[in-house]
Amino acid sequence: MHGSLDRVADLFETAEVRALFTDSLPARYAPYPLSELAKAARDQLGAPHEVSILGRELRRAGLAIHHARHAGQQADDDHAELVRYVRAGCDSWTHWNGHRGPELVVAHLVNPCEELLAHGGELDRDDAYAALRGLATRLTRSRGWQDRWALSIADDD
């Protein structure tokens, strides 16, 4: 599974994402790999709520990638529909929450996934699709949900 979590860094680590975590966590976390920063933020070890949301969703993306790879699942032709669904779900999430967490998730997870689905290689597309399925599974109450996107993954690792 660690390969998938390291894959999160390959797909989603930018200077801005790293700074969101390192600026929000105790200094001793600064040298940690992105997956560990995301885990620490998810566990709210001093991180603001919106940063912990991003950490949770990046960790969940790693678990989704691992699950999809283990099951031999690949990106489907409905990826544009999946992206629209996730964006609409995040918009709804933003409206009923009083924080920027969903905005950070869109900026640092959904947008890169959309770019990878459009222009990435096969492995990048497969992993981006899996990451979006992981997020979509959390948003199942939103209109437009398709059962084929469901992933059964635990948030705790």
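Shown above is the structure to which this text applies.
What comes next concerns the included structure. (Residues numbered from 1 in each chain as written. Predicted model: local features only at pLDDT ≥ 70, side-chain atom pairs only at ≥ 80, totals over all residues. Heavy atoms only, no water.)

## Quick word on the packing of helix α2 (residues 15-24) against helix α4 (residues 49-70)
Between α2 and α4, the shortest axis-to-axis distance is 10 Å and the interhelical angle comes to 125°. When the axis of α2 is compared with that of α4, the two are oblique. α2 and α4 meet at a crossing whose hand is left-handed. In this structure, α2 contributes V17, L20, F21 and S24 to the contact, and α4 contributes V51, L54, G55 and L58. Tallied by class, residues from the contact of α2 with α4 come to 6 nonpolar, 2 polar and no charged. (Axes fitted to C-alpha atoms, helices over the stretch in contact; angles between N-to-C directions. Helix = DSSP H or I, 4+ residues; strand = E, 2+ residues; numbered from the N terminus. Parallel < 35°, antiparallel > 145°, perpendicular 65-115°, else oblique. Left-handed = near helix turned anticlockwise from the far one by under 90°. Contact = heavy atoms within 4.5 Å. Nonpolar A, V, L, I, M, F, W, Y, C, P; charged D, E, K, R; others polar.)

## Some points on the nonpolar core
Most often, soluble globular proteins have nonpolar side chains that are buried together. Within the largest apolar cluster, 46 residues are counted, with the highest numbers of intra-cluster contacts made by F21, V86 and L109. Looking at this core, the elements that each hand over two or more residues are α1 (2-12), α2, α3 (34-42), α4, α5 (79-96), α6 (101-119) and α7 (122-138). The greatest single-element share of this core, amounting to 8 residues, is contributed by α6. Contact partners of F21, with chain neighbours within four places excluded, come to L34, L37, A38, A41, V51, L54, G55 and L58. (Core = buried A, V, L, I, M, F, W, Y, C linked by side-chain atoms within 4.5 Å. Buried < 20%, exposed > 50% of the residue type's maximum accessible area, 1.4 Å probe, protein only.)

## Looking at the packing of aromatic side chains
Any aromatic ring pair is given by two values, namely how distant the centres are and how the planes are angled relative to each other. For the structure shown, the criterion picks out 4 aromatic pairs. A ring pair is formed by W145 and W149, whose centres lie 6.1 Å apart and whose planes are at 75°; its orientation type is edge-to-face. Summarising the burial analysis for this pair, W145 and W149 share the class buried. Clustering of aromatic rings is evident, with ring pairs tying together Y85, W145 and W149. (Phe/Tyr/Trp six-rings, centres within 6.5 Å; stacked < 30°, edge-to-face > 60°.)

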